[in-house]
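Single-letter residue listing:
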Amino acid sequence: MGYPKDLLSSRSIIKHGLYALIAPEGLVNNVIPGFENCTMSILGSPQLGATFVDYIVTMHEGGKNTQGYCGQADVECFVYVLSGKVKAKADDQEFILGESGYLFCPPGVTMYLENMEAGDSRLFLYKQKHKPLEGKKPWVVSGHSNDIEYRDYDDMSNVHIKDLLPMDLDFDMNFHILSFDPAASHPFIETHYQQHGAYLLSGEGMYNLDNEWIPVKKGDYIFMGPYVHQAAYAVGREPLTYVYSKDCNRDPE
Ligand code: UGY
Ligand code: MN
């Protein structure tokens, strides 16, 4: 990836079950069966305390998963294109996804991916066991987040959010993009039941995790466990923006 190698320090912080900051410099490659000519790193996972699995995927020229990803009767999955262009299928339904494109496959629907770029395409990939609700069933959703308008976050005109999936009760989770203008912040330090897996798309900032303020920047991944204190403010000249998952619409068992 071209990062300078460093044996004496690491920005990554791992607190099992609580939170993790995973900086790109420390990532190693993992083989995930079915993905050919792809470099993959597992980020959040049950081993860290997450109910989901997140990956960062670099699809090289000709990279593909034509065997299919997920597709189990009780597992949902989601892919977000960070850069490049891919052909993504939900069973037989085909979508061409450029940068900011995404595809959600509900339980029982298999995702197929193929790189269409002459060089690399980079993806943020997610899967989780679906929590069903009687009489409800999520459906295939695809779009480009660049086509979705931001709205103010919590009535603040310098923090912006967009929702990538429908709000309907059929869905037990959603993906959002949250963006802080330089110097903007969360209105308060959140503590909540839901977990997050967040990939930082742009900017730099300070992130409060478990009441410690930690520097973060583009390319970092953050896992936030249940109830962990969390809040951010942006520093520098670029918006601090991240794509993240959040469970919703279910009563804890
Ligand atoms: O929706 C959320 O809980 C979100 N605002 N949390 C976060 O950004 N850490
Ligand atoms: Mn939160």
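Since this is a predicted model, take the numbers as computed values, not measurements.

Cut-off values and rules
Residues numbered from 1 in each chain as written. Chains lettered and ligands numbered in written order. Predicted model: local features only at pLDDT ≥ 70, side-chain atom pairs only at ≥ 80, totals over all residues. Heavy atoms only, no water. Helix = DSSP H or I, 4+ residues; strand = E, 2+ residues; numbered from the N terminus. Rg over C-alpha atoms; globule rule 2.2 N^0.38 Å. Buried < 20%, exposed > 50% of the residue type's maximum accessible area, 1.4 Å probe, protein only. Areas by Shrake-Rupley, 256 points an atom, 1.4 Å probe, with all protein chains shown as cover. Near = heavy atom within 4 Å. Polar contact = N/O pair within 3.5 Å; in protein donor to acceptor, adjacent residues only side chain to side chain. Donors = N, O, S within 2.8 Å, 3.2 Å for Na, K, Ca; no water. Tetrahedral: all angles 85-135°; square planar, octahedral: opposite > 155°, others 65-115°. Domains from an automatic or database assignment. Buried area = accessible area lost by both parts, 1.4 Å probe. Salt bridge = Lys/Arg side-chain N within 4 Å of Asp/Glu carboxyl O.

1. Thoughts on the overall build of the chain
So, step 1. Within the chain one finds 0 helices and 20 strands.
So, step 2. Computed over C-alpha atoms, the radius of gyration of the chain comes to 18 Å, within 12% of the 18 Å expected from 2.2 N^0.38 for 253 residues, which places it in the range of a compact globule.
So, step 3. When its C-alpha atoms are laid out on the principal axes, the chain stretches across 50 × 45 × 35 Å.
So, step 4. By the burial criterion, 50% of the 253 residues in the chain qualify as buried.
So, step 5. Summed over all atoms, the accessible surface of the chain reaches about 12,200 Å², with 50% contributed by carbon and sulfur.

2. Re the site of ligand 1
So, step 1. What surrounds ligand 1 is the set Tyr153, Leu178, His186, Glu190, His192, His196, Tyr207, Met224, Gln230, Tyr242, Tyr244 and Lys246.
So, step 2. Within the side chain of Gln230, a nitrogen or oxygen atom sits 2.8 Å from a nitrogen atom of ligand 1.
So, step 3. Tyr242 places a side-chain nitrogen or oxygen 2.5 Å from an oxygen atom of ligand 1.
So, step 4. When residues of the shell around ligand 1 are assigned to their parent elements, the largest contribution, 3 residues, is made by strand β20 (residues 240-247).

3. Topic: the coordination of the manganese ion (ligand 2)
So, step 1. Within the protein, the atoms that donate to the manganese ion (ligand 2) are Glu190 (OE), His192 (NE2), His196 (NE2) and Gln230 (OE1), at distances of 2.1 to 2.3 Å.
So, step 2. The coordination sphere of the manganese ion (ligand 2) comprises 6 donor atoms, whose angles at the metal cover 78 to 173°; the geometry is octahedral.
So, step 3. Here the donor residues of the manganese ion (ligand 2) are spaced in sequence according to E-x1-H-x3-H-x33-Q. Summarising the burial analysis for this pair, His192 and His196 share the class buried.

4. Some details on the domain arrangement of the chain
In many analyses, interface size is given as the accessible surface area lost on bringing the parts together.
So, step 1. Domain boundaries assigned for the chain yield domain 1 (28-146) and domain 2 (148-247).
So, step 2. Spacing between the C-alpha centres of domain 1 and domain 2 amounts to 21 Å.
So, step 3. Counting the surface lost from both domain 1 and domain 2, the interface buries some 2,300 Å², and carbon and sulfur atoms represent 67% of this.
So, step 4. Considering only the side of domain 1, the residues that lose the most area to domain 2 are Phe124, Trp139 and Ser145, jointly responsible for 20% of the buried surface there.
So, step 5. The tally of links between domain 1 and domain 2 comes to 1 salt bridge.

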